Amino acid sequence: MDRGDNPSAVICGLCGEAYTLPEDEVDGNLPRVLLCGHIYCTSCLLSIECDSTIRCPDCEVESNLPEGGVNAMPDDSRIIGLIYTAKMNKLKRYEKFKNRRRNKLASTDVDAAANIKDVVQPVDVVKTERAVDEALVRAAENHALLENIHETLKTGLEEQVKSDRARLEIEIKQAADKAIHAVQKWKDVQLNQLSKLEARFSTSQAELCCVQERIKSLGIAMQMAREVRRVPFLQKYCTLDKVLETLQAPVDKQLFDMECITMGSGLSYIFQPESLNQNLVLSLKMDTSYPKRLSRFPPNDDQPANSNRKSSLQRAETGNSNNISPRHNKPPRPQKQDQGSPRAKCSLPLASSSSQRPHQRVNLSNRSSPSDLRTPDVIVEEIIDEGKGHAHPPTGPELANDKWRMQNRRKNLNQITGNKRNVTQWVVVSHILNPSHFYVRYVAEKGESELLSRRINHFCSRESCRFTSRDRVETGSLIFVKQREGLWCRASVVALTQSGCAESVEVCPVSQLASIRVFFIDGGQTRSFTIQSEEGSSESSLKAVNNHLRKVCEFGHAELGQFAPQAIRCSFKDLVPYDLSKGWTEKAQVEFRCVVGSAAVEMRPLSLDRDSLLVDLRKAPMDQSSDVPISIREYLVFIEVARFYSPVSLGRKPLLYYPPVYPKVNKEVNAVVSHINSPADFYMQLADNMEFFLLSAKLQECYNASTVSEEDDLKVYCPVIEQAYVARFEDKQWYRAQVVGLPGGRKVEVRYVDFGNKKILSVSDLRKIKDEFFALPSMAIQCCLSDVRPVDGESWTEACTDRFISLAHQKLVTIVATGPVLKSKPLPVKLFESGLDGPLANIAELLVQDELVCFKEEPKSENSRPAGDDSAIWDPPLELDAAPEGGSATDQNTSGEQNVELVEFEPQLKLPADLKDLKVRVSHVNSPSSFYVQLTQYDSQLKRLCELVRKECALMESDDDAVWKADVYCAAQINGVWERGQICSDVTSSKIAEVLRCDHGNKVKVHASNLRTLPTYLIGSLALECTLTDIRPAGGRSTWTATACDLISYYLTGASAVMTIKELTDERPQPVILFCSNRMGQFVSIADFLASEGLALRERKPRDAEDQKPQEADAPSPVSVKQTGGPDGDKKNTPSACSLLPIPDQSSLVSSPTHPKPAPRIIMSAEKVKTQLYQPPELPCLGHIQTSVSAIGEDGIIYARTQNAECQLEPLRERIQKSMKTLPRQKPYTWKSVLGCAVIGSDMLWYRGQLLEVLGGHVKVQYVDYGLVENIPVVHVYPMLLCDDVPQLCMPCQLHSINPVGSRWHLDAVALLKELLLNRCVDVQVMELPSDPRGPLAVEIFLDGMSLSQVMCHHKHASMERPVPAQKGHGMINPPPLLDDWDIDTEGLRDPEEPMLGPFMYPKLPQEGEHFKVRVMHLWTPNELFLWPLEGSGDVEVDGETLDEALTRINEDINGLPRLSSFPHGSPCLAEYSDGQYYRAKLIRITSMEPVKILIQHVDFGSDDTLPLSKLRQMPAELLGFPSRALKVKVAGFKAPNVKLEEGMLPYSPGWSVKATMAMMDLLHSNVTASVVAQEPELTVLLYNEEEELVHLSLVSRGLVELA
């Protein structure tokens, strides 16, 4: 059929098929009109229909189908008319042709008969000539018409070629630009990866570390040998044999692998251009191979690229002979894999088979329609090939790697698991078999999934996808399966059953197919279909197959090959069934599906296991600030349907309450004992704490009044140990609690932190805690009775605990804390019965009298001293150090000193009363802020303690089943000696415990077999943790450097020292001053030593004190001075114990003659410098400008840069960085005369700054080109100017005609300014220029046409200045210009812009205190109303007419005014009133959207009204010249009554009664005068009646209001 005669010349733009009309029984393909106006054929709409909705392929607008479906949609009558007209014309031409042929045949017959009949008669020559002439005329007309058509087609073809050539040139340039961009991006990524190149040389790094360790050990041995050579007696303190062995050990170069530095990394980058027909393929390839030796010359990479001209696609097609070309409908058969998973069974050719899609390609052209797939294009392809083989595409856990969907899948398993560890992704669980086998889909790929579904439905609607009798189905092939009506999905064939066969087959003809089992690769489900058809009928069987299945055609393979399988098989890591013999139960599947639902969850990939991705799913919390996400794994374990088979680290810290506040030591405090376990373990609450009672009441109100939805959000699914919750007690009240155990059976053990008692309850009685209930710390303080112990010395009897409960439980008592203690230990207290006259009986004494407890042994006299206290010396001489171990210090004294009595054994360190000049030994050093010391007066105690621990452990045996928990005291065998220790963390199955040595401070790791239980009476510590005061880390750091820690550890560990405690506190570490002696016997402050080495900075003191007494500050006396009488009676000042100091051992400060420096430090004189300010900024002219806001000051000053300054900023930065090649030398400066300066920022770049203030070791600096103010260390500031010829680029601005509330900007107002303005380009109208060029400009700022001043006033942060002067011509503010200048002709397309009007003017009011007449326009409440001052604001005339005259004139032609098109808050407009006239108003807010209604306020009356858009008009700018007639004021002097006696209250203001409002209205009908009381924060007045009396006094007398 000729196309010119075909009525289907009008074709569908989607499928290219022609529209057809229905004929007889054949349904036509009519054009249907969508809601958006686009037209498509009926077949296309049926293919893209989904859930009675069609999304337009062009504009993505959805159209809802009517009840009749697609066939009931409206058709396009215009196209149908064209089709019908063409059809009728065809019929007419056909009839005319038939008639002409019939006439021709008839005339031929007549002529023949005439010729036969009249042979002799002559031919009618005239008639023939006439017919020929008519034919020639008709032919001439046809020829002219053909020439016209030819000329039209020729011209059209030229125009078509010209326009298409221009279009293609643009597309080629765009594609080339995108290709260049992609190559540049690839280059940047690869260059960034080179920073990690060092990690690939692991062998060289290992050898380097080995050599460094050897060098370090040799250096230490050399240093020790030099010291022993210089001081021979030091050999007793070191192992000289090992030192000599280290020094003499030979260095064999062959022991080190020197060949490792000749090996390369194995990485190479290759450029391979390939031409394939009209396509261009650029392959940028990173090849990973085995490391090779580094060659002297670089390899020639051009030869392989030039010689191999075969495309990657051709190589892939020929490289794998087992795969079938995609031109065939039958996909390749995969290799057999694990039969347990359908995903493992099939290797889909559609995904990314090596023969079909060797590489993932990104199309950079603008084409997206299916028809464009056949056109030439430019493709940039990135290939990451890390293996030589071509494996089948991933169909399981590898899909979790997002990069697979953009480029080829990485084959290295370690990179898959390593790159995705600790990466959170949002997924939806699509199918669940059990917790070890389920499928997820990425939420981010929802759009791709919808596009895939539409394309599959489109393919399935074609006839080419239907199975025919010649087709065959193979196991592992890809087909389309109808999942439900109107939805087709991709699936892989798992099993086939042929008719007449009992077993499954690999290949089956379609006509003989009995059943099929498929796996949906995009959902994870497996489904079986049974083909039911008539016996022996192949047509019916084929029809039954096509009802459920479709084949994937060649075009479908090519089109859908870019879509990866959407379903990813996952499994929970380390999770097994609760009962391994029964396997996964149905309850596990149900609970899993219930907790996940259909919502998106967080997936955290952990590792890979064959074909499953091992993950953890977490349900997102509702409250992101304090809530903890729900781990699905932990939830399944908690409900006892699963369990972990290996230790699992949760990876998060629980939310904890603040610890309780302990009372001060030796101070009487009233308290209530809330819970008692025993006299050594009970809890109390401090009395007089009203905040706790308010919190408890609020807790009940919050959790008892929660709605059903809120209660669901607060439910706890999986409790966490030590997590804070809210728990319900037996009295049905809610209390704060902490989970301490999980006994099982969906039970939890909690401890009520405000009372101390524990209880096991159901998880349904737990709720998540809100942030507001963390405000108070825990109220319950764990205590123990001091100075008492059980009668048997081991356990408390039940009678003792009951008696203690009867004396103290839930009673008000008086407590006295007897000493400080760690937060994790009970507080030792003395408990007294409380009475009106003060404390009564001691409860401990009452228990002793009942013989239920006994006192601990009283210590000896306070004047008694430990043995050897006076004789204990620092670093005893060598002859004394060799004394027998069992001998005491008293036995070793040869001067016949007076014997001292042994004091009672003390397991816990107690500091003496005198905290100065304490002799200590440094036992362990972590840093200058954390080191441990031992008091030398406790040496005998320490020896006795070690002996007692040894004896106790000798009586015990190792218990392999013992459970060691954190913070438990124990006895540990360390280096063969039993010592006291404390477990740092729970001991796991490895049986290795980390133990803190209580008497030394360091931590060691020992085996659990070397641990014993420590008796209670031996618990304590003799090591004191200390910190150096008056210093801080150098360089502005908050932590100490490794150099400082290593240096102080090297010199102090094991050294003797003198320590002074500045102030005794309960916190640890204890602030102290530490002195050590150098080899000259001089005391040196360790803090001064670190400061002199440049590793610490002294805390700054007042400058005057440093100038007056530099010597006293630099050389303090290390020890107190004693006065002793000389032979002549005079008194001398001698430092104590100086004569007893020998040369210290190797651990003291004797390593070199310069460490530490004994002489006083020299204070360098500060250099006086002076700098000027940078040049002031260039100020703009008055008018509109564009600025970029860079900073907001705390005082509300806005710092901005003009467009010219923005252009100068980047060149200025480059100029500054080039001018500063090295750091200037840092010197002490006097900063008093420094104004401009140079600053090193946190990004290590130079900036220009201005010094504002000196704050100790920091200075406050403002960046003059940015406006930002920072406090930075003084070492980063230099008194010099950078590019002083360039003025500062940032100028300060302040809002014009606006007053902040309280005359200053508050923090919330500044925060709002930062949110609105920072890093934003805004339109600014400069109103006033400052007299000082450095002063702020007065500006008006507009954000998208809205005034920033109005925004600040709307949020109650500021108020407009009154009155606003009426300036003609300034009522209308020009809108800000467009930020971008596009050369686009929009003439006739845009409506006229609505002018942006300024605010209304307010009438000028008299001074405060003056009386003036007013008229009340509107009453809101008795003390809030709108009035109009009658004096001074009468009928103002503008252009010779008053406001009433102007409104009358405008109302006569109101329809000529345009309607509103923009609705900013406070914008002026004209609004229709109930009388039908339009009056001035301003917009308040939009109250509803359907229909649109806006709340407005009549500015001349004060009343509000809600109107539709039809009753609003744009207001002419001339009406802004009239001041507003309704001024909102607040009436002072009275307020609403506190006691509400009236029943009727105002609904919008419940504090006021209707009666009071009506009474106030009656009082205001008479003549009223007013006087202004205050202008800020709101206008406040007093109202008077005709008798000059206050109006509200009559309301007060009637009891309707109260005096304020």
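Here, every reference points to the structure presented above.
Residues numbered from 1 in each chain as written. Predicted model: local features only at pLDDT ≥ 70, side-chain atom pairs only at ≥ 80, totals over all residues. Heavy atoms only, no water.

**Let's talk about the overall build of the protein**
Here's step 1: In terms of regular secondary structure, the protein is built from 32 helices and 81 strands.
Here's step 2: Across the 1604 residues that make up the protein, the buried fraction comes to 40%.
Here's step 3: Long-range pairs, those at least 24 residues apart, make up 65% of the contacts in the protein between residues at least 6 apart in sequence.
Here's step 4: When the accessible area of the protein is evaluated, it comes to approximately 91,400 Å², of which 52% is carbon and sulfur surface. (Helix = DSSP H or I, 4+ residues; strand = E, 2+ residues; numbered from the N terminus. Buried < 20%, exposed > 50% of the residue type's maximum accessible area, 1.4 Å probe, protein only. Contact = heavy atoms within 4.5 Å. Areas by Shrake-Rupley, 256 points an atom, 1.4 Å probe, with all protein chains shown as cover.)

**Focus on the state of the cysteines**
Here's step 1: Going through the model one piece at a time under the given rule, you end up with zero disulfides.
Here's step 2: With no disulfide partner, cysteine 209 has as its closest neighbouring cysteine sulfur the one in cysteine 210, 8.8 Å distant. (Disulfide = S-S within 2.5 Å.)

**Quick word on the environment of tyrosine 1017**
Here's step 1: Considering the arrangement of structural elements, one finds tyrosine 1017 in the loop between strand S44 (1011-1013) and strand S45 (1023-1028).
Here's step 2: Looking at tyrosine 1017, its side chain comes within polar contact range of the side chain of glutamate 952, at 2.7 Å. (Polar contact = N/O pair within 3.5 Å; in protein donor to acceptor, adjacent residues only side chain to side chain.)

**Here we look at the sheet that holds strand S40 (residues 969-974)**
Here's step 1: If you trace the five strands from one edge of the open sheet to the other, you get S43-S42-S41-S40-S44, paired in antiparallel fashion. Pairing within the sheet leaves two strands with one partner each, and these edge strands are strand S43 (1003-1007) and S44. Taken over all neighbouring pairs, the strand axes of this sheet differ in orientation by 50° on average, direction set aside.
Here's step 2: Inspection of the sheet shows S40 paired to S44 by three bridges, in the antiparallel sense. Counterpart to alanine 971 in the pairing with S44 is arginine 1012.
Here's step 3: Along the sheet, helix H22 (residues 939-954) contacts S40, strand S41 (977-983) and S44; its crossing angle with S41, the most-contacted strand, is approximately 90°. (Pairing = 2+ DSSP bridges. Axes fitted to C-alpha atoms, helices over the stretch in contact; angles between N-to-C directions.)

**Here we look at the packing of aromatic side chains**
Here's step 1: In this structure the tally under the stated criterion is 23 aromatic pairs.
Here's step 2: Here phenylalanine 438 and phenylalanine 572 contribute two aromatic rings whose centre-to-centre distance is 5.0 Å and whose plane-to-plane angle is 45°, an arrangement assigned as tilted. Here phenylalanine 572 lies in strand S19 (residues 568-572) and phenylalanine 438 lies in strand S10 (residues 437-442), a separation of 134 residues in the sequence.
Here's step 3: Both rings, one in tyrosine 703 and one in phenylalanine 773, keep their centres 5.9 Å apart while their planes meet at 40°; by these two values the pair is tilted. Highlighted residues: tyrosine 703 in helix H16 (residues 690-704) and phenylalanine 773 in the loop between strand S31 (766-768) and strand S32 (781-785), separated in sequence by 70 residues. Phenylalanine 773 matches tyrosine 703 in its accessibility class, with the two residues each being buried.
Here's step 4: Joined through ring pairs, the aromatic side chains of Phe692, Phe693, Phe729, Tyr735, Tyr752 and Phe755 make up one cluster.
Here's step 5: A cation sits over an aromatic face here: arginine 1248 above tyrosine 1174, 4.8 Å from the ring centre. (Phe/Tyr/Trp six-rings, centres within 6.5 Å; stacked < 30°, edge-to-face > 60°. Lys NZ or Arg CZ within 6 Å of the ring centre and 35° of its normal.)

**Let's talk about the pairing of strand S47 (residues 1056-1061)**
Here's step 1: Burial within S47 is extensive, with six of its six residues counted as buried.
Here's step 2: Along S47, one buried face is formed by Ser1056, Val1058 and Thr1060 and the opposite face, lined by Ala1057, Met1059 and Ile1061, is buried too.
Here's step 3: Direction of pairing for strand S38 (residues 918-927) relative to S47: antiparallel, over a ladder of four bridges. Counted as the bridge partner of leucine 918 is methionine 1059 from S47.
Here's step 4: Pairing geometry for S47 and strand S48 (residues 1070-1077), over four bridges, is antiparallel. If you follow methionine 1059 over to S48, its bridge partner there is leucine 1074.

**Quick word on the environment of proline 1287**
Here's step 1: Inspection of the secondary structure assignment puts proline 1287 in the loop between strand S61 (1277-1278) and strand S62 (1291-1295).
Here's step 2: Assessed through its relative accessible area of 12%, proline 1287 is described here as buried.
Here's step 3: Considering only alpha carbons, one finds proline 1287 and glutamate 1178, 109 residues apart in sequence, at a separation of 7.1 Å.
Here's step 4: Setting aside anything within four residues of it in sequence, one finds proline 1287 in contact with Gln1175, Pro1176, Pro1177, Glu1178, Arg1248 and Asp1265.

**Points about the sheet that holds strand S27 (residues 724-728)**
Here's step 1: Spatially, the five strands line up as an open sheet ordered S30-S29-S28-S27-S31, and their pairing is antiparallel. In this open sheet, the two edge strands, each paired with only one partner strand, are strand S30 (758-762) and S31. Pairwise comparison of adjacent strand axes, ignoring direction, gives a mean angle of 50° for this sheet.
Here's step 2: Taken together, the three bridges between S27 and S31 define a ladder with antiparallel strand orientation. For tyrosine 725, the partnering residue across the bridge sits in S31 and is lysine 768.
Here's step 3: Sheet strands touched by H16: S27, strand S28 (734-744) and S31. Its angle to S28, the strand with the most contacts, is close to 70°.

**Quick look at unusual backbone geometry**
Here's step 1: If you check the backbone angles, serine 52 has positive phi at about 60° while not being a glycine.
Here's step 2: Among the structural elements, serine 52 can be located in the loop between helix H1 (42-48) and strand S3 (53-55).
Here's step 3: Relative accessible area serves as the criterion here: at 45%, serine 52 is assigned to the partly exposed category.

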